[in-house]
Amino acid sequence: MPNSVTPKTNRTPRSVGRAFIGLGVIAIWLAVAAVGGPKVGGLSSVQTNNQATALPSSAESVKTTAAQAQFSEDRSLPAFVVFNAAAPTADQLAGWQAFVGSLPQLPVRGTTLSAFTQAPIVPVVSKDGTSLLAVVALSTTVTTIDTNGDRPLTDIVAQLRSGASAVAGPGATSHVAGPAGLTADLSAAFGGIDSILLLVTLIVVLSILVLVYRAVVLPFIVLFNSVCALALAGGIVYWLADSDVIVLNGQSQGILLILVLGAATDYGLLLVARYREELTRHEKPRPAMIAAWRGCIEPIAASAGTVIIGLLCLLFSNLATNRSLGPVGAIGIASAALAATTLLPALLLGGRWLFWPRVPKHPAVAESPGRHAAGQSTAGDHRFWAGIADWVGRRPRQIWIATSVLLVLACLAVPTLKASGTSVQETFLNPTDSVTGQEVLAQHFSGLVGDPVVIITTESTGAAVKVAVEGLASVDSVSFKADRQTGRPMVVNTLLEVQVTLSSTADAKQAVRDIRNLAHAAAPESLVGGTVARQVDTTEIAARDLGVIIPIVLVVVFLVLALLLRSLVAPLLLVFATVLSFGAALGVSALMFNHVFNFPGSDPAVPLFGFVFLVALGVDYSIFLMSRAREEVLRAGPREGVLTALRVTGGVITSAGVVLAATFAALSVIPILFLAQIAFIVAFGVLLDTLLVRTLLVPALALDLDRRTWWPSGISRRVGIPGRPQ
């Protein structure tokens, strides 16, 4: 009896200390959730969704804006108030004009609209007499955040729309379009990120966890861990964005939510699966968790490191919107990994009851000599994956060749992806007032009225530039910016501002390219800018980023894999498989975008973001598989080690892939074309990686290469099967 009591007494202080450490970790994370949680809901207040600030200073449109500032101290954000009717009556036209005349006195936020405008508001009737346009030149300060945490622009556009609708009259429509209307609608579309996207994602993740674990408490434990990770990431991003250290836009915010919840859940699935496995070998939860943590820390760290470094490669982009996602996403992934390796282990130490009703049991009998418990226990529990492993083991060469051919065929559709850019109006998936108003403008007024293409040139070359541009069929009128007092062309520091109104908005980007060619030919030092010119610059710079960042990401991923697997061949194998998978995902996406969803096109950043996410995230599942395979190969040899890894990780990796695919698919609830396309590409690509690449292609290649897979490590020089010479 004393022998049994003494050890227990000796262990008590240590056990109490460990318990306090676990409770301390949980307490720290509860404090993080309390502080950072509210900041997640306030991320929209520190967003910046301004296309003009996305471009580098070297872009021609940015240079034009800087030069244009010399002609006026204030820059405006035009709001186009448009009325339209098939056959408006004289009373209707008079009512529209009276409303435009009263706009300076329109009540807005305790003052009047005149406090936010920079120029007189003059109504213009269309040539066919069916429409009326008023350009309200708003101060750009309306896009800044005020003391209430929101932007005056939202209220101004809402007031303009409400007032115009009230006086439109029977059979008529009214709209507020232009840059101001588009910006307000864009903010409204991204406004669902704080509530709708978060709620949908949490419901999706919880539903999948319930199906995976078939337990009462465990799904909520894993979800709570993910929510705490989001609170940490959201708090840090909020503080950095509020301090102007990083730029946060709506796209980055939406992707942050998805990345954190998806990655934290994936890492949690990996740890819980290994913990369940270790509970069948250890009688107490603590040693089981220690063994599980040691087995998972390396692949989780490698996975998180790969994604973080891949995202940080976006810092090489020349577009601020792309660069902003780099640190924002990296913070999210680091938070997810930290929560999965600190908070979740502390929570799981609660005991086996967390798995109820499928509680893992510690076997009463010893393991059979020469057998590894992982293969024994898990293969029996997952007969499906045991069958897959046996099939791959019988025909590895045929399987990897057939799988590769299938993926290559899907890659053939990549050139059909229309990634040359879209107009701002095509950004929205749902009908918006600004887009409808822009369509009315295109039908009844010259293109881009009130928001012309701008040319800055010298006084000596101004006439030549004007004549050259006037000859374009896409140009409606060309004029010099006039001095309000003299009516003569305004000259500032020998420079002239030429304003070009397009005849149609149908092909405005090509019109800007043509204007640039002619203006540069007439005066090489001339600059062409404006709203559409910024879109052209964005498209061209995004295409350049694609060619620069992709090779950097591939090199970085290869180096991380080489360090993890202590091999050169295995990383090449995984990079090859991941790139092939990305190409297939992009090819299938092109077919779906063109022929099923009928999307108008894609932003050039879509392939870049798809590549970064699929290479960084898709390789995770191969990391989970091959890191376990390396562990098993050391025990059972190259062949049996890979097959055992496939058996024991099949269920958890598939669950992780489904979770990540589902969370990215949730991005489609935000009615923005870019996010919907990223949602499809990444969701489909992750499922392709999980179900085809990691299940068939990677293990089949590893089996066919046998020991050469692990070259030049010591594994490649020995058989490694127990009982054989080493």
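> Hey, could you go over the overall build of the protein chain for me, with residue numbers and the actual values?
The number of helices and strands found in the protein chain is 21 helices and 11 strands. Per-residue burial for the protein chain yields a buried fraction of 54% across its 726 residues. Long-range contacts, defined as pairs at least 24 residues apart, comprise 80% of the intrachain contacts of the protein chain with a sequence gap of at least 6.

> How would you summarise a nonpolar patch on the surface if you had to cite specific residues and measurements?
Taken together, the side chains of Ile 401, Val 405, Val 408, Leu 409 and Leu 412 make up a nonpolar region of the molecular surface, amounting to roughly 450 Å² of accessible area. Judged by relative accessible area, Leu 412 falls into the exposed class, the value being 60%.

> Requested: an account of the packing of aromatic side chains, with residues and values cited.
Under the criterion given, the structure shown has 15 aromatic pairs. With centroids separated by 5.9 Å and ring planes inclined at 85°, the aromatic side chains of Phe 83 and Phe 99 adopt a geometry described as edge-to-face. Here Phe 83, found in strand S1 (residues 76–85), pairs with Phe 99, found in helix H3 (residues 90–102); they are 16 residues apart in sequence, far enough to count as distant. Relative accessible area serves as the criterion here: at 0%, Phe 83 is assigned to the buried category. Measuring from ring centre to ring centre gives 5.2 Å for Phe 384 and Trp 385, while their planes differ by 85°; the resulting arrangement is edge-to-face. Here the aromatic residues Phe 593, Phe 597, Phe 599, Phe 680 and Phe 684 are joined through ring pairs into a cluster of three or more.

> Mind laying out the sheet that holds S1, listing which residues take part and the relevant values?
The four strands lie next to each other as S4-S5-S1-S6, forming an open sheet whose pairing is antiparallel. Each edge of the open sheet is held by one strand with a lone partner, namely strand S4 (123–125) and strand S6 (172–177). Sheet twist, expressed as the mean angle between neighbouring strand axes with direction ignored, is 20°. Direction of pairing for S4 relative to strand S5 (residues 131–139): antiparallel, over a ladder of three bridges. Across the sheet, residue Pro 123 finds its bridge partner in S5, namely Ala 134. Helix-sheet contacts for helix H5 (residues 178–190) involve S1, S5 and S6, and the interaxial angle to S1 is about 95°.

> Which residues make up the pairing of strand S10 (residues 495–502), and what are the values?
For S10, the tally of buried residues reaches seven of eight residues, placing the bulk of the element in the interior. Pairing between strand S7 (residues 453–458) and S10: six bridges, direction antiparallel. Bridge assignment links Thr 457 to a residue of S10, and that residue is Leu 496. Where strand S8 (residues 475–480) and S10 come together, five bridges link them in antiparallel fashion. Bridging across to S10, Val 478 finds its partner in Val 500. In this sheet, S10 lies alongside strand S9 (residues 491–492) in antiparallel orientation, the contact comprising two bridges.

> Can you break down helix H15 (residues 462–470) residue by residue, with the values?
Residues spaced three or four apart along an α-helix point in a common direction, a consequence of the helix completing one turn every 3.6 residues. Of the residues making up H15, those classed as buried are Gly 462, Val 465 and Val 469. Axial view of H15: buried residues confined to an arc of 65°, hence all on one face. The exposed residues of H15 that point more than 90 degrees off its buried face are Ala 463 and Val 467. Considering only its buried residues, H15 is in contact with S7, S8, S10 and helix H16 (508–522).

> Mind laying out the packing of helix H9 (residues 285–312) against helix H19 (residues 605–636), listing which residues take part and the relevant values?
Their axes nearest at 9 Å, the elements H9 and H19 cross at an angle of 165°. The pairing of H9 with H19 is recorded here as roughly antiparallel in orientation. The interaxial crossing formed by H9 with H19 has right-handed handedness. Along its contact with H9, which presents Pro 299, Ala 302, Ser 303, Thr 306, Val 307, Gly 310 and Leu 311, the element H19 presents Val 612, Phe 613, Ala 616, Leu 617, Val 619, Asp 620, Ile 623, Phe 624 and Ser 627. Counted by class, the contact of H9 with H19 contains 11 nonpolar, four polar and one charged residues.

> Summarise the environment of Val 633; cite the residues concerned and give the values.
Its location among the elements puts Val 633 in helix H19. Counting along the chain gives 10 residues from Val 633 to Leu 643, while the straight-line C-alpha distance between them is 9.4 Å.

> Tell me about the environment of Ala 508, and name the residues and values.
Inspection of the secondary structure puts Ala 508 in helix H16. In contact with Ala 508, not counting residues within four places along its chain, are Leu 502 and Val 532.

> I'd like a rundown of the side chain of Ser 655, residues and numbers included.
Checked against the element boundaries, Ser 655 lands in helix H20 (residues 638–665). For Ser 655, a relative accessible area of 13% translates into the label buried. Residue contacts for Ser 655: discarding those within four places in its chain leaves Val 212 and Leu 269.

> Account for the nonpolar core, naming residues and giving values.
Formed by 162 residues in total, the largest nonpolar core has its most connected members in Tyr 267, Leu 348, Phe 609, Phe 613, Met 626 and Phe 664. The dominant element in this core, judged by the number of residues it contributes, is helix H21 (residues 673–705), at 20 residues. Residues contacting Phe 609, with those up to four places away along its chain left out, are Ile 255, Leu 314, Asn 322, Leu 325, Phe 674 and Ile 678. Ranked by size, the runner-up nonpolar core spans 29 residues in total, among them Trp 96, Leu 103, Leu 138 and Ala 168.

> Help me get a handle on the pattern of salt bridges, residues and values and all.
All told, the structure shown has 21 salt bridges when counted by the stated rule. Residue Asp 155 pairs with Arg 109 through a salt bridge whose shortest N-O separation is 2.4 Å. Of this pair, Asp 155 sits in helix H4 (residues 152–167) while Arg 109 sits in the loop between strand S2 (107–108) and strand S3 (111–112), and the two are 46 residues apart along the sequence. With relative accessibility at 31%, the residue Arg 109 sits in the partly exposed group. Residues joined in a network through salt bridges with shared partners are Arg 274, Glu 277, Glu 278, Arg 281, Arg 628, Glu 631, Glu 632 and Arg 635.

> Lay out unusual backbone geometry with the relevant residues and their values.
Here the residue pair Trp 356 and Pro 357 is connected by a cis peptide bond, since its omega of 10° sits within 30 degrees of zero. With respect to the helices, strands and loops of the structure, Pro 357 is situated in the loop between helix H10 (320–348) and helix H11 (373–381). Each neighbour pair has its own omega, and for Trp 711 with Pro 712 the value is 10°, a cis peptide bond. Looking at the element boundaries, Pro 712 is found in the segment after H21.

> Can you explain H16? Please cite residues and give values.
The first and last C-alpha atoms of H16 sit 21 Å apart over 15 residues, in line with the 21 Å expected at 1.5 Å per residue. Among the residues making up H16, those that are buried are Ala 508, Lys 509, Ala 511, Val 512, Ile 515, Arg 516 and Ala 519. The buried residues of H16 occupy an angular sector of 150° when projected down its axis, which confines them to one face. Exposed and facing more than 90 degrees away from the buried side of H16 are Asn 517 and Ala 521.

> Lay out the environment of Glu 459 in plain terms, naming residues and giving numbers.
Turning to its location among the elements, Glu 459 is positioned in the loop between S7 and H15. By relative accessible area, Glu 459 is classed as partly exposed at 49%. Measuring from C-alpha to C-alpha, the distance between Glu 459 and Val 492 comes to 9.0 Å, with 33 residues separating the pair along the chain. In contact with Glu 459, other than residues within four places in its own chain, are Val 491, Thr 494 and Leu 496.

> Would you mind going over the side chain of Thr 64 in detail, with residue names and values included?
Here Thr 64 lies in helix H2 (residues 60–68). Polar contacts involving the side chain of Thr 64 include one to the main-chain carbonyl oxygen of Glu 60, which spans 2.7 Å. With residues up to four places along the chain from it excluded, the contact list for Thr 64 reads Val 454, Ile 456, Leu 527, Val 528 and Gly 529.

Definitions and cut-offs
- Residues numbered from 1 in each chain as written.
- Predicted model: local features only at pLDDT ≥ 70, side-chain atom pairs only at ≥ 80, totals over all residues.
- Heavy atoms only, no water.
- Helix = DSSP H or I, 4+ residues; strand = E, 2+ residues; numbered from the N terminus.
- Buried < 20%, exposed > 50% of the residue type's maximum accessible area, 1.4 Å probe, protein only.
- Contact = heavy atoms within 4.5 Å.
- Patch = residues over 30% accessible without salt bridge, like charges linked within 9 Å, V, L, I, M, F, W, Y side chains within 5 Å.
- Areas by Shrake-Rupley, 256 points an atom, 1.4 Å probe, with all protein chains shown as cover.
- Salt bridge = Lys/Arg side-chain N within 4 Å of Asp/Glu carboxyl O.
- Phe/Tyr/Trp six-rings, centres within 6.5 Å; stacked < 30°, edge-to-face > 60°.
- Pairing = 2+ DSSP bridges.
- Axes fitted to C-alpha atoms, helices over the stretch in contact; angles between N-to-C directions.
- Arc of directions from axis to C-beta.
- Parallel < 35°, antiparallel > 145°, perpendicular 65-115°, else oblique.
- Left-handed = near helix turned anticlockwise from the far one by under 90°.
- Nonpolar A, V, L, I, M, F, W, Y, C, P; charged D, E, K, R; others polar.
- Core = buried A, V, L, I, M, F, W, Y, C linked by side-chain atoms within 4.5 Å.
- Expected span 1.5 Å × (residues − 1).
- Polar contact = N/O pair within 3.5 Å; in protein donor to acceptor, adjacent residues only side chain to side chain.

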